[in-house]
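Here's the letter readout for the chains.
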Amino acid sequence: MEPGNGTQISEFLLLGISQALELQPLMFGLFLSMYLITVFGNLLIILAVSSDSHLHTPMYFFLSNLSLVDICFTSTTVPKMLVNIQTQSKAITYEGCITQIYFYILFALLDNLILAVMAYDRFVAICYPLHYTVIMHLRLCGLLVLVSWIMSVLHSLLESLMVLQLSFCSDLEIPHFFCELNQVLQLACSDTFLNNIVMYFSAGLLGVGPLAGILYSYSKILSSICRIPSAQGKYKAFSNCASHLSVVSLFYGTILGVYLSSAATQSSHSSAIASVLYTVVIPMLNPFIYSLRNKDIKRALERFLGR
């Protein structure tokens, strides 16, 4: 099969995480449980924030958006994997693969940008507390989220349209549990130089850029906290950003670990297993981090569940 520009491709094959048949029922139960916990936990955060007027602030507005993105991010990959395990099929259509690439890039970048926006919110709250309500007004918060969505949509659209221009060889097996862009590019028969340039340039610009913003924000936050005279004041200021800092550390630490380990081992199977951490585990843990470390969220959840 040597289709031109991908027009004759019927399907790709997702090899998944493990080929062992005896592990399939265990994997199905494990990933189904994690997916349900992720959806239910993040949905609870959204409902708690929307139902409690005390949480109608910029910080929790961004948190509810992050929870929505986490639900969508996980839903891009896990349901298809569960269907493939249950039906013992590895197939995904060409259209389905391109769609999965589009939404995966969209929500991964959106996750990244919203974390950066949340870091800016904490920076203003701690470094300029007297001007916080003036700076972080509703219009700016909505604009920051809207710009994040627009950038993510346009970037994922560009990457997906460039994949559509490629021709693919006969061996269309993807050693992953979803259509990861880099893995799909390796299957192309046509030249992928431009695709790789765009992929790595955007990873540097849209990946390292927000991370640099987060690091700068927290350097200023740390400097401001150190200038607070009382220990109680320092603790209160740090507690305002502890949950976000935990999520950021987990998110970027895991991604960095995944790519360093995959570069070191050169194993697609190891990369697929490591990818589970940031595509499934982190979105599942985020609601626990915010609900366990945040008294406002705890009280809102108690009031919402106690209705």
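Residues numbered from 1 in each chain as written. Predicted model: local features only at pLDDT ≥ 70, side-chain atom pairs only at ≥ 80, totals over all residues. Heavy atoms only, no water.

An unreviewed UniProt entry annotates the protein as Olfactory receptor of Myotis brandtii. Listed in UniProt under the heading Sequence similarities (unreviewed entry), the comment for the protein reads: "Belongs to the G-protein coupled receptor 1 family." (UniProt positions renumbered as here; feature names shortened; annotations may be inferred.)

Peer 1: Explain the overall build of the protein residue by residue, including any values.
Peer 2: When its secondary structure is counted, the protein shows 10 helices and three strands. Helices and strands in the protein line up, N terminus first, as β-α-α-β-α-α-α-β-α-α-α-α-α. Relative to the compact-globule value of 19 Å for 307 residues, the protein shows a C-alpha radius of gyration of 21 Å, a close match. When its C-alpha atoms are laid out on the principal axes, the protein stretches across 70 × 40 × 35 Å. In the protein, buried positions account for 48% of the 307 residues. A fraction of 78% describes how many contacts in the protein between residues 6 or more apart in sequence connect residues 24 or more apart. Accessible surface for the protein amounts to roughly 15300 Å². Of this, 68% is attributable to carbon and sulfur atoms. Positive and negative charge centroids in the protein, built from 14 and 15 side chains respectively, lie 25 Å apart. (Helix = DSSP H or I, 4+ residues; strand = E, 2+ residues; numbered from the N terminus. Rg over C-alpha atoms; globule rule 2.2 N^0.38 Å. Buried < 20%, exposed > 50% of the residue type's maximum accessible area, 1.4 Å probe, protein only. Contact = heavy atoms within 4.5 Å. Areas by Shrake-Rupley, 256 points an atom, 1.4 Å probe, with all protein chains shown as cover. Lys, Arg positive; Asp, Glu negative; His and termini not counted. Charge placed at Lys NZ, Arg CZ, Asp CG, Glu CD.)

Peer 1: Now, about the pairing of strand 1 (residues 11-14): what can you tell me, with residues and values included?
Peer 2: The side chains of a regular strand alternate between the sheet's two faces. Covered by surrounding structure in strand 1 are F12 and L14 only, the residues E11 and L13 on the alternate face being uncovered. Taken together, the three bridges between strand 1 and strand 2 (residues 91-93) define a ladder with antiparallel strand orientation. Looking at the pairing, E11 lines up with T93 of strand 2. (Pairing = 2+ DSSP bridges.)

Peer 1: Tell me about the pattern of salt bridges, and please be specific about residues and values.
Peer 2: The tally for this structure, following the rule as stated, stands at two salt bridges. The salt bridge involving R303 is made with D52; its shortest N-O contact spans 2.3 Å. With R303 in helix 10 (residues 295-305) and D52 in the loop between helix 1 (24-51) and helix 2 (58-87), the pair connects residues that are 251 residues apart, well separated along the chain. Two residues, R122 and D121, come together in a salt bridge whose shortest N-O distance is 2.8 Å. The pair R122 / D121 is uniform in exposure class, with both members buried. (Salt bridge = Lys/Arg side-chain N within 4 Å of Asp/Glu carboxyl O.)

Peer 1: Which residues make up the layout of surface pockets, and what values do they have?
Peer 2: The gaps left among the atoms become clear once a water-sized probe is rolled over them. Put simply, the second largest pocket is a space of about 540 Å³. If you go around the second largest pocket, you meet 21 residues; those closest to its centre are M59, S239, N240, N294 and D296. Residue contributions to the lining of the second largest pocket peak at six residues, all from helix 8 (residues 231-265). Of the residues in the lining of the second largest pocket, the class split is nine nonpolar, six polar and six charged. (1 Å grid on protein atoms, 1.4 Å probe; cavity = no way out; pocket = protein on both sides within 12 Å on 5 of 7 lines; lining within 4 Å. Points joined across faces, edges and corners; volume = space filled by probe spheres on them. Nonpolar A, V, L, I, M, F, W, Y, C, P; charged D, E, K, R; others polar.)

Peer 1: For the state of the cysteines, give the residues involved together with the corresponding values.
Peer 2: Within the structure shown, the criterion is met by one disulfide. Across a sulfur-sulfur distance of 2.1 Å, C97 and C179 are joined as a disulfide pair. Between C97 and C179 the disulfide shows an S-S torsion of about -125°. By sign, it is left-handed. Of the two residues, C97 is situated in helix 3 (residues 94-127) and C179 in the loop between strand 3 (173-174) and helix 6 (181-185); the sequence distance between them amounts to 82 residues. Just as C97 is buried, C179 falls in that class too. This cysteine, C141, is not joined by any disulfide, and C127 carries the nearest cysteine sulfur, 17 Å off. For C141, a relative accessible area of 2% corresponds to the buried category. (Disulfide = S-S within 2.5 Å.)

Peer 1: Residue-level account of the UniProt feature "transmembrane region" (unreviewed entry) in the protein, with values.
Peer 2: Mapped onto the present numbering, the UniProt feature "transmembrane region" (unreviewed entry) falls at residues 26-48, 60-81, 101-120, 140-158, 197-216, 237-260 and 272-292. Segment residues 26-48 splits into 100% helix and 0% strand. End C-alpha atoms: 33 Å apart. Along residues 272-292 one finds 100% helix and 0% strand; the C-alpha atoms at either end are 30 Å apart.

Peer 1: Explain the packing of aromatic side chains residue by residue, including any values.
Peer 2: If you walk through the whole model with that rule in mind, you get 13 aromatic pairs. Seen in terms of ring centroids, Y120 and F123 are 6.2 Å apart; in terms of plane orientation they differ by 35°. Their pairing is tilted. Placement of the pair is Y120 and F123 together in helix 3, with a separation of three residues, close to one helical turn. Among the residues examined, F123 registers a relative accessible area of 13% and is labelled buried. Among the aromatic residues, those joined into a ring-pair cluster are F73, Y104, F177 and F178. (Phe/Tyr/Trp six-rings, centres within 6.5 Å; stacked < 30°, edge-to-face > 60°.)

Peer 1: Can you break down the sheet that holds strand 3 residue by residue, with the values?
Peer 2: The strand order across the open sheet formed by three strands is 2-1-3, and the pairing between neighbours is mixed. In the strand order of this sheet, the two ends are held by strand 2 and strand 3, each with one partner. The sheet contacts of helix 3 involve strand 1, strand 2 and strand 3, and relative to strand 2 the element is tilted by about 80°. (Axes fitted to C-alpha atoms, helices over the stretch in contact; angles between N-to-C directions.)

Peer 1: Account for the nonpolar core, with residues named and values stated.
Peer 2: Within soluble globular proteins, side chains that are nonpolar tend to cluster in buried spots. With 65 residues, the main nonpolar core has F31, I214, I221 and I297 as its most contacted residues. Among the secondary structure elements, those contributing two or more residues to this core are helix 1, helix 2, helix 3, helix 5 (138-164), helix 7 (193-226), helix 8, helix 9 (268-293) and helix 10. Sorting elements by how many residues they give to this core places helix 3 first, with 16 residues. For I297, the residues in contact, after removing those within four places along its chain, are I45, V49, L55, Y60, L63, Y290 and S291. (Core = buried A, V, L, I, M, F, W, Y, C linked by side-chain atoms within 4.5 Å.)

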